[in-house]
Amino acid sequence: MLEIKFVRQNFETVEKALAARGHSTDLGGFKSCDDERRAILLELEALRHQRNVVSDQIAEMKRAGENADDIVAQMRDVSSKIKALDKSLAEIQETLEQMLLGMPNIPHVSVPVGKDETDNPVVNVVGERPEFDFEPRAHWDIGTDLGILDFERAAKITGARFPLYYGAGARLERALINFMLDIHTQVHGYTETLPPFIVNRQSMTHTGQLPKFEEDLFKLVDWDYYLIPTAEVPVTNIHQDEILTEAQLPIYYTAYTPCFRSEAGSYGKDTRGLIRQHQFNKVELVKFTTPQTSYDELESLRADAETILTKLELPYQVIELCTGDLGFSAAKTYDLEVWMPAQGVYREISSCSNFENFQARRANIRFKKKGLKGTELVHTLNGSGLAVGRCLAAILENFQQDDGSVIIPPALRSYMSGTEKITRETG
RNA sequence: GGAAGGGUGGCCGAGCGGUUGAAGGCGGCGGCCUCGAAAGCCGUUGAGGGUCUUCAGGCCCUCCGUGAGUUCGAAUCUCACCCCUUCCGCCA
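Residues numbered from 1 in each chain as written. Chains lettered and ligands numbered in written order. Predicted model: local features only at pLDDT ≥ 70, side-chain atom pairs only at ≥ 80, totals over all residues. Heavy atoms only, no water.

### Brief notes about the overall build of chain A
Move 1: Looking only at helices and strands, one finds twelve helices and 15 strands in chain A.
Move 2: Taken over the C-alpha atoms alone, chain A extends approximately 100 × 45 × 40 Å along its principal axes.
Move 3: Burial statistics for chain A: of 427 residues in total, 50% are counted as buried.
Move 4: Considering only intrachain contacts with a sequence separation of at least 6, the fraction spanning at least 24 residues in chain A is 74%.
Move 5: On chain A, roughly 20,400 Å² of surface is accessible, and the fraction owed to carbon and sulfur atoms is 49%.
Move 6: Counting 47 positive and 63 negative side-chain charges, chain A places the centres of these two groups 4 Å from one another. (Helix = DSSP H or I, 4+ residues; strand = E, 2+ residues; numbered from the N terminus. Buried < 20%, exposed > 50% of the residue type's maximum accessible area, 1.4 Å probe, protein only. Contact = heavy atoms within 4.5 Å. Areas by Shrake-Rupley, 256 points an atom, 1.4 Å probe, with all protein chains shown as cover. Lys, Arg positive; Asp, Glu negative; His and termini not counted. Charge placed at Lys NZ, Arg CZ, Asp CG, Glu CD.)

The following block contains the structure:
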């Protein structure tokens, strides 16, 4: 959420920034609401002041044994006025709040201007794409033939876009999760967390999924609870309504969780394979930092995610999201895209973002500097480190052999009891 | 699900319907003492918003789980909800 004062004082900047995102906001409505709110507030505070002063008078008169019936009667009037104003203030405040909750973050100055994903510049290309002397097959064919993936039966159990793994496939997924968590905790200094997979409406609002993107979420019937679309939601909300000390920062968390997304509006997209599922596994990285360090922290967060791809020997590229493709809450985002030989394209496998204080303001996460008065909002960041299902898909495709088997990347073998290869027999 | 108790400032904890923004303690900060430190002593120390001012700061409003209500006046009374603890029942 943007600060109301900031929007008020930097109208043109905000308008321009939101336009660059392709966001249409009627800021005129905001202005009149904001003016009205302050007018009401002024009047209300004056009346409250009067009430406070006179109430003290009444107390004194009563103590002195005097009769205060006259002013008490007067105050009855003032009180009902206060009540009425209170109500209109609450209403206008709610309207204003909803407007602010619906406004996306302002892109960082370094973010390239563009209209959609075709304008995202490639920052870096890493690793050697594998050469095949045969036609590389898609991971869904490889996995199904090996007997480690079963999309048909998954559809019987639930429906389309759900995964079912067997044997070495299930084990590979688990190995990837453990591998990623171990690297991030033991090498990169993140604290492992295992958060709830279901969160309440407030948590979803804090990180920006609500109120605008309700249709992307799975909601529980009869509960105001939602299945998490990413660990970002529960983990960022760990510190909601807290005042941290500067010495505590930065805080690094990593979490494995399943993620649930309705994928509304993506019917017909990536209908086959593990790329777009309603349920998938992900290891997430989350940081809480001071405003001064957050952009350095974004670079190191991205490097932490890249480490996983490098160790797995998967070719990938780094792109920077342009203003038109940036997510709602993000000020700056890098995407990591892994090479998928069968499709001949790079596919997103990680998204690393700095939200600056956008989420912190919604979630009320602040910190205090030693010896100084007042508080400051922290900056929050997060990134996938990595999406596990897509990672498994990338391994199947990049490490596939002519005979339909798949080599296990060396870095993972110790997590697979030394298994070097998945074959039809071992699968 | 049944019964009881409780949610107060960074933390712990007191609080008669009217100088209680809130005693006391811890922690933090400043000072005294000391070669230095500890201990001890003294002082200081919440957040959000509005408004005035060149700044420092002044003035005002709000906040004692959340939301309604009673009252001239609510941390204090009433109701509903949420959360926590303990006991009983059930259960992975």
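### Some points on the sheet that holds strand β13 (residues 379-387)
Move 1: Strand order in the open sheet formed by eight strands is β1-β8-β9-β10-β13-β7-β6-β2, with mixed pairing between adjacent strands. A single partner strand is all that each edge strand has here, and the edge strands are β1 (122-126) and β2 (191-193). Across the sheet, the axes of successive neighbouring strands diverge by a mean angle of 25 degrees, strand direction being ignored.
Move 2: As paired elements, strand β10 (residues 345-354) and β13 share three bridges and run antiparallel to each other. Across the sheet, N354 pairs through a bridge with L381, a residue of β13.
Move 3: Each of β7 (279-289), β9 (332-340), β10 and β13 is contacted by helix α12 (residues 388-398), which is oriented at about 35 degrees to β13, the strand it contacts most. (Pairing = 2+ DSSP bridges. Axes fitted to C-alpha atoms, helices over the stretch in contact; angles between N-to-C directions.)

### Concerning the side chain of E320
Move 1: Tracing the backbone shows E320 in strand β8 (residues 316-320).
Move 2: Taking relative accessible area as the criterion, E320 reaches 11% and is therefore assigned buried.
Move 3: Aside from chain neighbours lying at most four places away, what touches E320 is S110, V111, P112, N120, P121, V123, K332, T333 and Y334.

### Thoughts on the nonpolar core
Move 1: One finds L176, M180, L314 and L412 to be the most contacted residues of the largest nonpolar core, which totals 53 residues.
Move 2: The dominant element in this core, judged by the number of residues it contributes, is helix α7 (residues 167-187), at nine residues.
Move 3: Every residue in contact with L176, bar those within four places of it in the chain, is listed here: L312, V388, C391, L392, I395 and L412. (Core = buried A, V, L, I, M, F, W, Y, C linked by side-chain atoms within 4.5 Å.)

### Structural notes on the sheet that holds strand β12 (residues 376-377)
Move 1: Strand order in the open sheet made by the three strands is β5-β11-β12, with mixed pairing throughout. Here the strands that pair on one side only, and so sit at the sheet edges, are β5 (242-245) and β12.
Move 2: When strand β11 (residues 365-368) meets β12, the two strands line up antiparallel, connected through two bridges. Of the residues in β12, the one forming a bridge with R366 is L377.

### Let's talk about the environment of T13
Move 1: By the secondary structure assignment, T13 is in helix α2 (residues 11-20).
Move 2: For T13, a relative accessible area of 44% puts it in the partly exposed group.
Move 3: Note: C-alpha distance between T13 and I106 (93 residues apart in sequence) is 9.0 Å.

### What about the packing of helix α5 (residues 139-146) against α12?
Move 1: Where α5 contacts α12, the two axes come as close as 9 Å, and the packing angle between them is 85 degrees. As the angle between them shows, α5 and α12 are arranged roughly perpendicular. Packed against α5, whose contacting residues are H139, I142 and G143, the element α12 presents A393, L396 and E397 at the interface.
Move 2: Of the residues in the contact of α5 with α12, the class split is three nonpolar, two polar and one charged. (Parallel < 35°, antiparallel > 145°, perpendicular 65-115°, else oblique. Nonpolar A, V, L, I, M, F, W, Y, C, P; charged D, E, K, R; others polar.)

### What to know about the packing of α7 against helix α10 (residues 294-311)
The relative placement of two packed helices comes down to the angle between their axes together with the axis-to-axis distance.
Move 1: Interaxial distance between α7 and α10 falls to 10 Å at its minimum, and their mutual angle equals 130 degrees. By the criterion of interaxial angle, the relationship of α7 to α10 is oblique. Judged by the sense of rotation from one axis to the other, the crossing of α7 with α10 is right-handed. Along its contact with α7, which presents F179, M180, I183 and H184, the element α10 presents D304, T307, I308 and K311. (Left-handed = near helix turned anticlockwise from the far one by under 90°.)

### Here's the deal with the pattern of salt bridges
Move 1: As enumerated under the stated definition, the model contains 18 salt bridges in all.
Move 2: Note that E284 and K282 form a salt bridge whose closest N and O atoms lie 2.6 Å from each other.
Move 3: By relative accessible area, which is 3% here, E284 ends up buried.
Move 4: What emerges from the salt-bridge pattern is a single network uniting R201, E214, K219 and D224. (Salt bridge = Lys/Arg side-chain N within 4 Å of Asp/Glu carboxyl O.)

### Here we look at the protein's contact with RNA strand B
Move 1: Around RNA strand B sit 25 residues, and of these H49, R76, S79, K83 and T375 come closest.
Move 2: Sugar plus phosphate, as a fraction of atoms of RNA strand B within 4 Å of the protein: 75%.
Move 3: The separation between a phosphate oxygen of RNA strand B and a polar side-chain atom of K83 is 2.9 Å.
Move 4: Contact distances for RNA strand B include 3.1 Å between a sugar or linking oxygen and a side-chain N or O atom of R366.
Move 5: Elements supplying a minimum of two residues to the surface near RNA strand B: α1 (4-9), α3 (27-63), α4 (69-101) and β11.
Move 6: Looking at the surface near RNA strand B, the element that brings in the most residues is α3, giving 13 residues. (Near = heavy atom within 4 Å. Polar contact = N/O pair within 3.5 Å; in protein donor to acceptor, adjacent residues only side chain to side chain.)

### A word on the environment of P250
Move 1: The topology assignment puts P250 in the loop between β5 and β6 (251-260).
Move 2: Taking the C-alpha atoms as reference points, P250 and F288, separated by 38 residues in sequence, lie 5.5 Å from one another.
Move 3: When near neighbours in sequence (up to four residues on either side) are disregarded, P250 contacts F288, T289 and E297.

Any functional reading would require information beyond the geometric quantities listed.
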